[in-house]
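Overview (structure and organization)
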Amino acid sequence: MFDNGRGACYNGSMIAEETLKILTESAKYDVSCSSSGSGRKNAGGMGNAAPTGCCHSFTPDGRCISLLKILQSNKCIYACKYCPNRADADVPRASATPEELSELVIDFYKRNYIEGLFLSSAVERTPDFTMERMMQTVKLLRTKYRFHGYIHLKGIPRADAGLVLEAAKYADRMSYNLELPTEASLKLLAPQKSTESLLSPMRQLMREKAVFKEEHKKGHFLPAGQTTQLIVGASPEPDSRIVRLSEALYQKMGLKRVYYSSYVPVVRDPLLPDLPTGQLREHRLYQADWLLRFYGFTAEEIAPEGENLPLEYDPKCAWALRNPQYFPVEVNTAPLEMLLRVPGIGGRGAYKITEARRYGALDFADLKRMRVVLKRAKHFITCKGKYLGAKDERAVKGLLALGARQDEARQLSLFDEPERYGLGGTHLSGGAGVLGASLGAAEGALPAGVRLLGTRETALTALTGEM
Ligand code: SF4
């Protein structure tokens, strides 16, 4: 879209190139879409991930689409301490009119640059003024230009409820960024916001969507639901607090996704940490989030009160190591819900096991073919009573931590087969393993309160993310 300062490829709309640069650059800190944060620059080859302007999202049928990611305005009256666009920041300012933005989207769409829009904004003048301009932009797109592409719209806290509902009619997805996990931290770091000012419109949108569905109204109302973003590490709350908040948002607000953004000091403030949080913590939170949404874990199981998620193992491994009484499980008889709790067995693997074992008992080679990551799973399972895991608990912990370090050290390619790391190492045959008291005790045993997935169809639905 931009040509590195040598002039814009785009010049068809009324919007000035400088305005466009400011508004796309200012939008890059919002990660509540599916692609953000790459710092890789073009050193003479093709493509460039660093310039702002585009992000990606996934449609319900799995397509990845490019979105123009832009602010309506970066002229903010608020002063969130962590934000480069806060009122007292010395940055170039700009705003676009609904006509300019809608024209721009249509022109870019016609040129095949983008397939949709991710529209956010700073709070310009008042929340109502800003929300109204954003609503007008999406309304123009849907009504004047008859644009049916994907639109993700950010909500403005404290804006009039009527304006929010009107805007929601034209969007596919809306999101209010909670940013900080407690009221106290919001008060300190984003004093013009409050938990209620963010949760209240989320609740209202959820209710409206339910009514829309109940009354079988024609058309769409936020078909892609709501999402939010939390900054990790800007305030002192432990991961246990963040995971509990995410659980409540999924259960009580019906959110589609919670995005986690590890804190990076872009602006200096005595109330903020000097150092970045580090991406491993963010990564662990995404893994924990996955366990909440698709694996039947509760927040309490994933992160004990007051604790951070361990960095050396993924959260499922950490849970299994804290609960040796449930292991090893016999893969030929364990219920689906328990298979989902075995480190190294993913959603698809667990479902494939339950299907395949109907036709005959499975062995380790079968599991390998099903893409079970045996280098982790072998410490927690038996196959036809055979155990291939490590000899003692210390060895298991060491191997798992080592495996986690190796996994995180490189990017998996499309052609990697994760399960091929499995079968080597210590072999004990016929034993019940070191993590559980006996095979009989673990077989079929489920931790108290585990949510049963019900029929196979329900299970499959859960595993494919439509839960
Ligand atoms: S409301 Fe806060 S986070 Fe949003 S642009 Fe303004 S200062 Fe930044």
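Residues numbered from 1 in each chain as written. Predicted model: local features only at pLDDT ≥ 70, side-chain atom pairs only at ≥ 80, totals over all residues.

1. Some details on the overall build of the chain
We apply this condition: Here a strand is any run of E in DSSP of at least two residues, a helix any run of H or I of at least four, and the numbering for each starts at the N terminus. A residue is called partly exposed when the number of other C-beta atoms within 10 Å of its own lies between 12 and 20, exposed at 12 or fewer, and buried at 20 or more, with C-beta atoms placed from the backbone. By definition, residues are in contact whenever their C-beta atoms, placed on the basis of the backbone, come within 7 Å of each other.
On a plain count of helices and strands, the chain comes out with 17 helices and nine strands. Looking at the 467 residues of the chain, the share that counts as buried comes to 40%. Of the contacts formed within the chain by residues at least 6 apart in sequence, a portion of 71% connects residues at least 24 apart.

2. Brief notes about the nonpolar core
Definition in use: Nonpolar cores are built from buried Ala, Val, Leu, Ile, Met, Phe, Trp, Tyr and Cys residues. These are joined into a set through C-beta atoms within 7 Å. Residue ranges assigned to the domains are those given by an automatic or database domain assignment.
Judged by nonpolar contacts, the single largest core of 107 residues is most densely connected at Val138, Ile151, Ala167, Ala171, Ile302 and Leu339. Take this core: its biggest share by element is six residues, from helix 3 (residues 127-144). Counting residues domain by domain, this core receives three or more from each of domain 1 (17-36 + 50-224) and domain 2 (315-463). Dropping the residues within four chain positions of it, Ile302 is found in contact with Val243, Ala288, Leu291, Leu292, Phe297, Pro315 and Trp319.

3. Structural notes on the site of the ligand
Selection rule: Nearness rests on one distance test: the residue's C-beta atom, set from the backbone, must lie within 6 Å of the molecule or strand. When residues are grouped by polarity, Ala, Val, Leu, Ile, Met, Phe, Trp, Tyr, Cys and Pro land in nonpolar, Asp, Glu, Lys and Arg in charged, and all others, Gly among them, in polar.
The ligand sits among Cys76, Tyr78, Ala79, Cys80, Cys83, Asn85, Arg86, Ala122, Val123 and Ala190. For the shell around the ligand, a count of residues per class yields eight nonpolar, one polar and one charged.

4. As for the confidence of the model for the chain
The cut-off we apply is this: Confidence scores labelled pLDDT are given residue by residue by the predictor and lie between 0 and 100.
Chain-level statistics for the chain give a pLDDT mean of 83 and a share of 77% at 70 or above. The low-confidence segment residues 34-40 (pLDDT under 50) makes 13 contacts with residues lying over four places distant or belonging to another chain. Segment residues 436-442 is flagged for pLDDT under 50; beyond a separation of four residues in sequence, or across chains, it makes 18 contacts in the model.

5. Topic: the environment of Leu20
Tracing the backbone through its elements, the reader meets Leu20 in helix 1 (residues 17-25). Its 23 C-beta neighbours within 10 Å are what place Leu20 among the buried residues. The sequence separation of Leu20 and Ala96 amounts to 76 residues, and the corresponding C-alpha distance is 8.4 Å.

6. So, the environment of Ile70
Mapped onto the fold, Ile70 is located in strand 2 (residues 64-71). Residues Ile70 and Phe118, spaced 48 residues apart in sequence, show a C-alpha to C-alpha distance of 6.4 Å. Not counting chain neighbours up to four residues away, the residues in contact with Ile70 comprise Leu23, Thr24, Ala27 and Leu119.

7. Side note on unusual backbone geometry
Of note, the amide linkage connecting Phe327 to Pro328 takes the cis form, showing an omega dihedral of -5 degrees. When you line up the elements, Pro328 lands in the loop between helix 10 (315-322) and strand 8 (329-330). We note that Asn112 has phi near 70 degrees; this positive angle belongs to a residue other than glycine. Tracing the backbone through its elements, the reader meets Asn112 in the loop between helix 2 (98-110) and strand 3 (116-120). Overall, Asn112 belongs to the exposed group, with 8 C-beta atoms counted inside 10 Å. Here Arg125, not a glycine, exhibits a phi torsion of approximately 60 degrees, which is positive. Inspection of the secondary structure puts Arg125 in the loop between strand 3 and helix 3. A tally of 12 C-beta atoms within 10 Å means that Arg125 is categorised as exposed.

8. A look at the packing of helix 4 (residues 161-168) against helix 6 (residues 195-214)
The line we're drawing: Axis lines are fitted to C-alpha atoms, over the contacting stretch for helices. Their N-to-C directions set the angle, which ranges from 0 to 180 degrees. An angle below 35 degrees is read as roughly parallel, one above 145 as roughly antiparallel, one from 65 to 115 as roughly perpendicular, and any other as oblique. Left-handed describes a crossing whose near helix is turned anticlockwise from the far helix by less than a right angle; the clockwise case is right-handed.
With their axes 11 Å apart at the nearest point, helix 4 and helix 6 run at an angle of 50 degrees to one another. Between helix 4 and helix 6, the crossing angle belongs to the class labelled oblique. Viewed along their axes, helix 4 and helix 6 form a crossing whose handedness is right-handed. Facing helix 4, whose interface residues are Ala161, Val164, Leu165 and Ala168, helix 6 presents Pro201, Gln204, Leu205 and Glu208. A per-class count over the contact of helix 4 with helix 6 returns six nonpolar, one polar and one charged.

9. As for the pairing of strand 4 (residues 150-154)
Stated precisely, the cut-off is as follows: A pair of strands is labelled paired if DSSP reports no fewer than 2 bridges between them. Handedness is read with the strands pointing away from the viewer; a crossover is right-handed when the path from the first strand over the helix to the second is clockwise.
Within strand 4, five of the five residues are buried, which leaves the element mostly enclosed by the surrounding structure. Burial along strand 4 is two-sided: the face carrying Tyr150, His152 and Lys154 and the face carrying Ile151 and Leu153 are both buried. The sheet contact formed by strand 3 and strand 4 spans four bridges and is parallel. Bridge pairing links Leu119 to Leu153 in strand 4. Judged from the three bridges that link them, strand 4 and strand 5 (residues 173-175) form a sheet pairing that is parallel. From the neighbouring strand, Leu153 faces strand 5, where its bridge partner is Met174. Handedness of the β-α-β unit built from strand 4, helix 4 and strand 5 comes out right-handed.

10. Details of the pairing of strand 3
Among the five residues in strand 3, five count as buried, and that is most of the element. What you see with strand 3 is no split at all: Gly116, Phe118 and Ser120 on one side and Leu117 and Leu119 on the other are buried throughout. Traced from strand 3 through helix 3 to strand 4, the parallel crossover comes out right-handed.

11. A few points about the environment of Asn308
Within the secondary structure, Asn308 is located in the loop between helix 9 (299-302) and helix 10. Placed 67 residues apart in sequence, Asn308 and Arg241 show a C-alpha to C-alpha distance of 8.8 Å. With residues up to four places along the chain from it excluded, the contact list for Asn308 reads Pro238 and Asp239.

12. Here's the deal with helix 4
In plain terms, the rule: Here the arc refers to the directions that run from the helix axis out to each C-beta atom.
Of the residues making up helix 4, those classed as buried are Leu163, Val164, Ala167 and Ala168. Each buried residue of helix 4 sits inside an arc of 135 degrees when the element is viewed along its axis, so together they form one side. In helix 4, the exposed positions angled more than 90 degrees off the buried face are occupied by Ala161 and Gly162. If you follow the buried residues of helix 4, they end up packed against helix 3, strand 4, strand 5 and helix 6.

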